[in-house]
Amino acid sequence: MGDHFGRKRVYALGVLSFVVASVAVALAPTIHLLVCARVVQGVAAAALTPGSLAMLQSTFGEKDRLEAIGAWSGMLGIATAAGPVVGGWLVGIDWRYGFWLNVPLGALVLWLLRDAPESSDPDASHRFDVPAIVLTVTMLAGLTWALTDWRAGGPFAAAVAVVSAVALVVAEKRSSHPMIPLVLFRNRIFTWVNVATLFVYASFTGSMFFVALFLQVSAGWSPLEAGAASLPISLIMLVLSGYFGGVAQRRGALVPMVGGMALVAVGFALLALAPANPTYMRDILPGISIQGFGMSMLVSPLTGTVLAAAPSGRSGLASGINNAVSRTAGLVAVAALPMLVGLVGSAYQDGESVAEAFGTAMWWCVSSVLLGAMATAVGLESDVRRRASSSAEHAAVPAHHP
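Procedures and definitions
- Residues numbered from 1 in each chain as written.
- Predicted model: local features only at pLDDT ≥ 70, side-chain atom pairs only at ≥ 80, totals over all residues.
- Heavy atoms only, no water.
- Patch = residues over 30% accessible without salt bridge, like charges linked within 9 Å, V, L, I, M, F, W, Y side chains within 5 Å.
- Areas by Shrake-Rupley, 256 points an atom, 1.4 Å probe, with all protein chains shown as cover.
- Salt bridge = Lys/Arg side-chain N within 4 Å of Asp/Glu carboxyl O.
- Helix = DSSP H or I, 4+ residues; strand = E, 2+ residues; numbered from the N terminus.
- Phe/Tyr/Trp six-rings, centres within 6.5 Å; stacked < 30°, edge-to-face > 60°.
- Buried < 20%, exposed > 50% of the residue type's maximum accessible area, 1.4 Å probe, protein only.
- Axes fitted to C-alpha atoms, helices over the stretch in contact; angles between N-to-C directions.
- Parallel < 35°, antiparallel > 145°, perpendicular 65-115°, else oblique.
- Contact = heavy atoms within 4.5 Å.
- Core = buried A, V, L, I, M, F, W, Y, C linked by side-chain atoms within 4.5 Å.

## Quick look at a nonpolar patch on the surface
Right, so step 1: Nonpolar side chains collect at one region of the surface, where Met1, Phe5, Phe128, Val130, Ile133, Val134, Val137 and Met179 lie side by side and expose about 730 Å² of accessible area between them.
Right, so step 2: In terms of residues, the nonpolar patch owes the most to one element, helix 7 (residues 130–148), which gives four residues.
Right, so step 3: Looking at where Phe5 falls in the secondary structure, it is placed in helix 1 (residues 2–5).

As structure tokens, this is what we get:
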């Protein structure tokens, strides 16, 4: 939609819709109306989140693009950390305040947006790929259902997910205006970096879920304290993401991405060793801080590499695909990790069970992020060879003397 109708226009529509839906949530008199309003929020978020990156991709020149994406990543980190902290505080007063807060924030964003340039892709399709939309939602719903509660129709849900996934690929191959053009995945870098995104964000989202659960159920921390525990990640990302975006722009994305993933794995490993009654400074802060450094190194190069691998006119589409991959990764992780570590039913309320599951879950996260590092190395191998060849050719050119 952004590529066709204008990225700024669709982004602004997403922000406005999110604010209106937030007001509806805050005023909802029943759970059914609240859930409906949350669905509208999801649709609005789908319009605004990839649109912000597409606007950066189309507005900034190549030399400044990764640094701009780094700043975007840093602010996203702050927002991600502020959610649990502010949310934990507001839950203690009235949860509805958390949604009223979106009204002044949305108004501020729309005011800041007034001078932003508009951009679009004149070749973008103006038709909606309805079969792909239906099949994607069905696939994700079936997958989530199967992973969350296997005994209550899980095998049937898993079968629905698999059939929907196959049907989606077939439909996109035959469609004249596909929602997910499969031709993009012929680009080796685009494909493998999206695979890396899947593994990295599955581990990161899953770890954040388990950290909050562990600190509240096992350690007895309040929601505010548990939410504030991850704040160093965002602060470090705010300070360093732009810098590492510049490093990747000058020297290539492979080293900061793989190095960042290795650091994130170390952070998970340290958290896995935390005792059932942890102290923040000794048992939580070191692992959280190392995660922050690792995410600062990898997020900007990862995002910038995915966008650069797609044709410039399809930056909104590329951003939307990568954003969908990261959100799907988080969805699957939160649904699957508890089942993998045996945390079901009343075990969520037992401190010992949660503590044991937490350690095991962190090792699963280590494995996932290391798989992401392997996918990155495979995907960017050709890019490294190209850079090396370019440097060699440049060095072989004799100096000109007048």
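Let us keep going from here.
## Things to note about the packing of aromatic side chains
Right, so step 1: With the rule as written, the count across this model stands at six aromatic pairs.
Right, so step 2: Look at Trp95 and Phe99: their rings are 6.0 Å apart centre to centre, the planes differ by 85°, and that puts the pair in the edge-to-face class.
Right, so step 3: Residue Phe99 is classed as buried on the basis of its relative accessible area of 17%.
Right, so step 4: On the basis of an interplanar angle of 5° and a centroid distance of 4.2 Å, the ring pair of Phe214 and Phe358 is categorised as stacked. Here Phe214 is found in helix 9 (residues 188–218), whereas its partner Phe358 is found in helix 15 (residues 351–379), with 144 residues between them in sequence. Each member of the pair, Phe214 as well as Phe358, is classed as buried.

## Here's the deal with the pattern of salt bridges
Right, so step 1: This model, assessed by the stated rule, comprises two salt bridges.
Right, so step 2: With a shortest N-O distance of 3.9 Å, Asp115 and Arg114 are connected by a salt bridge.
Right, so step 3: Overall, the relative accessible area of 63% leaves Asp115 in the exposed class.
Right, so step 4: Here Arg282 ties to Asp283 by a salt bridge, and the two come within 3.1 Å at their closest N and O atoms.
Right, so step 5: On the basis of relative accessible area, Arg282 is assigned to the exposed category, the value being 58%.
Right, so step 6: For Asp283, a relative accessible area of 12% gives the class buried.

## Details of the packing of helix 12 (residues 254–272) against helix 15
Right, so step 1: Close contact between helix 12 and helix 15 brings their axes to 8 Å; oriented N to C, the two are set at 170°. Between helix 12 and helix 15, the angle falls in the class roughly antiparallel. Packed against helix 12, whose contacting residues are Leu254, Met257, Val258, Met261, Val264, Ala265, Phe268, Ala269, Leu271 and Ala272, the element helix 15 presents Phe358, Gly359, Met362, Trp363, Cys365, Val366, Val369, Leu370, Gly372, Ala373, Thr376 and Ala377 at the interface.

## Observations regarding the environment of Ala375
Right, so step 1: Its location among the elements puts Ala375 in helix 15.
Right, so step 2: Non-local contacts of Ala375, meaning those with residues more than four positions away in its chain, are made with Trp192, Val195 and Ala196.

## Thoughts on the side chain of Gln291
Right, so step 1: Checked against the element boundaries, Gln291 lands in helix 13 (residues 280–309).
Right, so step 2: Those residues in contact with Gln291, other than ones at most four positions away along the chain, are Phe204, Ser207, Met208, Ile233, Val264, Gly267, Phe268 and Leu271.

## Details of the nonpolar core
Right, so step 1: One finds Phe210 and Met261 to be the most contacted residues of the largest nonpolar core, which totals 68 residues.
Right, so step 2: Broken down by secondary-structure element, the contributors of at least two residues to this core are helix 3 (31–59), helix 4 (62–91), helix 9, helix 11 (231–251), helix 12, helix 13, helix 14 (315–340) and helix 15.
Right, so step 3: Aside from chain neighbours lying at most four places away, what touches Met261 is Ala196, Val200, Leu298, Leu302, Val369, Gly372, Ala373 and Thr376.
Right, so step 4: Within the second largest apolar cluster, six residues are counted, among which are Val25, Ala26, Ala37 and Phe99.

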